[in-house]
Amino acid sequence: MDVLSCVNECKLCSEFIKLLPSKDLHTCHLSITLLVLIHHIFFCLIACTSPIDIIFGLPTSTRMTPSEFTDVKDFTKSAVDLLEINNRLAHVSFIPYSDGAEQIIKLDSLYSKRDLKGVVDRIQQAGSGYNVEEAITRAAASGFTIFGGTRPTAPKILVLLVSESTSSDNAVLSAAEKLKSQGVKLITVKIGNKINNNAFQLASSQPSSKHFFDARSFSDISDFTREAIDSACKGKKEDNGTY
């Protein structure tokens, strides 16, 4: 969301814009309203100011076109921009997946948005598979562990982009259940129509209406960036420790 959209959403901000031409306003009134404007814009542009550990599972198959792969990267970089990243708040990592999957930086490695987006830019397409099961398993087995840089008390979220899957639905569901049993929230951004909606809705954290997002094409995934990050920052664990 851009600054103008943020201003338009804020009633106080709109009033401030209307009042600007008036010569009779007190300087104090202007200053206070300006502070409200700045505060609103900051929290509009930064969707998440929570202490979370978030990993993005990104397809890198060469079966995607270069343009589609760019859309995946752009989604991820936009999501990074919506997080308040520092030592206390959001920690970010990435698991590119194709024939296999690998966490390329630890969650506690980088706290600069510029550096994190640079990591995304350097991810290359490789392999021809879409091993979704391995991406989820890698997040559970190493990403959200002390070896992957996770914090014991921080909420843990996997945002998984999926356009195709060379894993069976049962394998994906099994891996997802294990991940969620570790207290990890699984958010799925489905792209196109080449995967089983029902299976991936079940694999996602529940309710799926808040954790499963259905983009018609790669060019549409940017429409779900803020919703995915909002979902990552909200919600609570069930009594059994799962999301």
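Below: a short report on this structure. (Residues numbered from 1 in each chain as written. Predicted model: local features only at pLDDT ≥ 70, side-chain atom pairs only at ≥ 80, totals over all residues. Heavy atoms only, no water.)

### Topic: helix α10 (residues 225-233)
Here α10 has its buried residues at Thr225, Ala228, Ile229, Ser231, Ala232 and Cys233. Packed against the buried residues of α10 are β1 (53-59), α4 (66-81), β3 (156-162), β4 (184-191), α9 (208-211) and β5 (212-215). (Buried < 20%, exposed > 50% of the residue type's maximum accessible area, 1.4 Å probe, protein only. Helix = DSSP H or I, 4+ residues; strand = E, 2+ residues; numbered from the N terminus. Contact = heavy atoms within 4.5 Å.)

### Let's talk about unusual backbone geometry
A cis amide bond, omega 0°, links glutamine 206 with the succeeding residue proline 207. Following the sequence through the fold, proline 207 ends up in the loop between α8 (197-203) and α9.

### As for the state of the cysteines
Counted under the stated rule, the structure contains one disulfide. The disulfide partner of cysteine 48 is cysteine 233, and the S-S distance across this bridge is 1.8 Å. Its torsion about the S-S bond being -120°, the disulfide of cysteine 48 and cysteine 233 is classed as left-handed. Pair noted here: cysteine 48 is in the loop between α3 (27-45) and β1 and cysteine 233 is in helix α10, with a separation of 185 residues, a long-range link. Comparing cysteine 48 with cysteine 233, the two get one shared label, buried. (Disulfide = S-S within 2.5 Å.)

### A look at the sheet that holds β4
Taken together, the five strands give an open sheet; going across it, the order is β2-β1-β3-β4-β5, and neighbouring strands pair in parallel fashion. Single-partner strands in this sheet number two, and they are β2 (91-97) and β5. With direction set aside, neighbouring strand axes in the sheet form an average angle of 15°. Against the sheet, helix α6 (residues 132-143) makes contact with β1, β2 and β3, and its axis sits at roughly 165° relative to β3, the strand it touches most. (Pairing = 2+ DSSP bridges. Axes fitted to C-alpha atoms, helices over the stretch in contact; angles between N-to-C directions.)

### Structural notes on the packing of aromatic side chains
Enumeration over the complete set of coordinates arrives at two aromatic pairs. Ring plane angle 40° and centroid distance 6.1 Å describe the contact between phenylalanine 213 and phenylalanine 224, whose orientation is recorded as tilted. Of this pair, phenylalanine 213 sits in strand β5 while phenylalanine 224 is found in the loop between β5 and α10, placing the two residues eleven residues apart along the sequence. (Phe/Tyr/Trp six-rings, centres within 6.5 Å; stacked < 30°, edge-to-face > 60°.)

### Remarks on the packing of α4 against helix α5 (residues 113-122)
Two quantities define a packed helix pair, namely the angle between the helix axes and the distance between the axes. Running from N to C, α4 and α5 cross one another at 170°; their axes reach a closest spacing of 10 Å. Viewed along their axes, α4 and α5 adopt a mutual orientation that is roughly antiparallel. Considering how the two elements wind past one another, α4 and α5 form a crossing that is right-handed. Of the residues in α5, those in contact with Lys73, Thr76, Lys77, Val80 and Asp81 of α4 are Lys113, Leu116, Lys117, Val120 and Asp121. (Parallel < 35°, antiparallel > 145°, perpendicular 65-115°, else oblique. Left-handed = near helix turned anticlockwise from the far one by under 90°.)

### Some thoughts on the environment of isoleucine 123
Considering the arrangement of structural elements, one finds isoleucine 123 in the loop between α5 and α6. On the basis of relative accessibility, which here comes to 7%, the residue isoleucine 123 falls in the buried class. Here the alpha-carbon distance between isoleucine 123 and threonine 60, two residues 63 residues apart in the chain, equals 8.0 Å. Not counting chain neighbours up to four residues away, the residues in contact with isoleucine 123 comprise Leu58, Thr60, Phe69, Lys73, Pro96 and Ile104.

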